[in-house]
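Descriptive analysis of the structure
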Amino acid sequence: MKFLILSLLVLSVVSSNLNENDEILSIQQNILNSYLTGPTEPLFKAFHSVFQKPYEINSDLGMQRYGVFLKNLEMINEHNSKNLSWKMGLNEFADLTDEEFKQRTGVGNLEEEFKEMKNSEKNFLENFDDIESSDLTATVFPEVDHSRFIPPVQDQSTCGMCYAFATASTLEGNCNIQRFAKGLPAIPRISQQQIGECYNEKLACQGGWMQRVMTKSVSPTSQVNGFYALSDYPYKAQSLTCNAALLKTKTVQIELNKISPYEGCDDGFFVKGRKC
């Protein structure tokens, strides 16, 4: 009976017309969490059903995936038992090996690009030089919960746009810290698709670097400048061409300072659209 209810829940989630996937992710996690303290077989069945896995659960492939799932579950439990500042959990990738996950997310080999970036953007990287362990005790900063300033974790699917998600969350969080302090509402979510297509060209789904995105966003050679709302330019998890004509009919939400695009909005560097 429990699995019949679970199946109906999954169907209702998949058939919903939600514009955001936050509620879907929340329902999926709640279903899985209800099985976490029990035997692993029912948990794997719930996982298989929630994420609509294409393989038969009792097939050879299903058994192989169950084995990978158990190893990943062991890693998750081991990590969480340490009571660190962050927790691991199950998601749709829990039946994949590390290598399969890398292939699925589409991240290419960025070693050569990193070498080029290290030379061309030395000034940026110098700000993040390794800190000697002895220096870590010099300044103690208060612990701050920044989760309310950024949106929940989103699914980038089989596209390697992690850099675009990181850029969008960084900009949103930085801006929202200042807006909330002034009693203003959160800025609209920033489009990861626009970041990938317009500031990483045809390599959108093959990985990239946040600082390069920020530099390209203020470049006079870019088709557009600034960052636009997710609602105006939805995420498609594909490497498509920048639709500059469409974006020019929309409102820029954040535009970085052309001289120092890495600076935060607390110094007034987000200067156009919805100011911080």
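This report concerns the structure included in the present document. Worth saying up front: this structure is predicted, and the values here are computed from it rather than measured. (Residues numbered from 1 in each chain as written. Predicted model: local features only at pLDDT ≥ 70, side-chain atom pairs only at ≥ 80, totals over all residues. Heavy atoms only, no water.)

On to the state of the cysteines, then. Tallied over the full model, the rule gives two disulfides. Each disulfide pairs two cysteine sulfurs, and for C159 the partner residue is C205, the sulfurs being separated by 2.0 Å. Given an S-S torsion of about -100 degrees, the disulfide between C159 and C205 has left-handed geometry. Here C159, found in the loop between α7 (122-126) and α8 (162-181), pairs with C205, found in the loop between α9 (192-199) and α10 (210-216); they are 46 residues apart in sequence, far enough to count as distant. Each of the two residues, C159 as well as C205, counts as buried. Here C198 is linked by a disulfide to C242, with a sulfur-sulfur distance of 2.1 Å. (Disulfide = S-S within 2.5 Å. Helix = DSSP H or I, 4+ residues; strand = E, 2+ residues; numbered from the N terminus. Buried < 20%, exposed > 50% of the residue type's maximum accessible area, 1.4 Å probe, protein only.)

Let's shift gears to the side chain of H48. Within the secondary structure, H48 sits in helix α3 (residues 40-50). You can call H48 buried: its relative accessible area is 15%. Excluding residues within four positions of it along the chain, H48 makes contact with K53, Y55, E56 and I57. (Contact = heavy atoms within 4.5 Å.)

With that settled, the discussion passes to the packing of aromatic side chains. Summed over the entire model, instances satisfying the criterion amount to nine aromatic pairs. Here F149 and F180 contribute two aromatic rings whose centre-to-centre distance is 5.6 Å and whose plane-to-plane angle is 35 degrees, an arrangement assigned as tilted. Of this pair, F149 sits in the loop between α7 and α8 while F180 sits in helix α8, and the two are 31 residues apart along the sequence. An aromatic cluster is present here, built from F44, F47, F51, Y66 and F69 joined pairwise through their rings. (Phe/Tyr/Trp six-rings, centres within 6.5 Å; stacked < 30°, edge-to-face > 60°.)

Two elements in contact, α3 and helix α4 (residues 60-80), have axes separated by 11 Å at closest approach and are oriented at 110 degrees. Judged by the angle between their axes, α3 and α4 are roughly perpendicular. Residues T40, E41, L43, F44 and F47 of α3 form the contact with α4, whose participating residues are G62, R65, Y66, F69, L70 and L73. Looking at the contact of α3 with α4 residue by residue, the class counts come to seven nonpolar, two polar and two charged. (Axes fitted to C-alpha atoms, helices over the stretch in contact; angles between N-to-C directions. Parallel < 35°, antiparallel > 145°, perpendicular 65-115°, else oblique. Nonpolar A, V, L, I, M, F, W, Y, C, P; charged D, E, K, R; others polar.)

Let's shift gears to the environment of M88. With respect to the element layout, M88 can be found in the loop between α4 and α5 (98-104). For the pair M88 and E78, spaced 10 residues apart in the sequence, the C-alpha separation amounts to 9.6 Å. If we skip the residues at most four places from it in the chain, M88 touches M75, I76, H79 and N80.

Inspection of α3 places L43, F44, A46, F47, H48 and V50 among the buried residues, and these make up the whole buried set. Phi for Q52, located one or two positions after α3, is positive at around 50 degrees.

By size, the foremost hydrophobic cluster in this structure holds 29 residues, and its most contacted members are M161, I195, F227 and I254. Where this core is concerned, the elements lending two or more residues are α8, α9, α10, β1 (227-228), α11 (244-247) and β2 (252-254). With six residues, the top contributor of residues to this core is α8. Beyond its immediate sequence surroundings of up to four residues, I195 is in contact with Y163, A164, T167, A168, I190, N200, V213 and F227. One finds I31, I57, F69 and I76 within the second-largest nonpolar core, a separate group that totals 17 residues. (Core = buried A, V, L, I, M, F, W, Y, C linked by side-chain atoms within 4.5 Å.)

Turning next to the pattern of salt bridges. Taken as a whole, this structure holds two salt bridges when the rule is applied. Between R65 and E100 there is a salt bridge whose closest N-O contact spans 2.8 Å. Taken as a pair, R65 in helix α4 and E100 in helix α5 lie far apart in primary sequence, 35 residues in all. With a relative accessible area of 25%, E100 lands in the partly exposed category. (Salt bridge = Lys/Arg side-chain N within 4 Å of Asp/Glu carboxyl O.)

The backbone phi angle of Q52 is positive, close to 50 degrees, even though this residue is not glycine. Along the chain, the position of Q52 falls in the loop between α3 and α4. The backbone phi angle of N83 is positive, close to 55 degrees, even though this residue is not glycine. Note that N83 resides in the loop between α4 and α5. Here N83 falls in the exposed class, since its relative accessible area comes to 61%.

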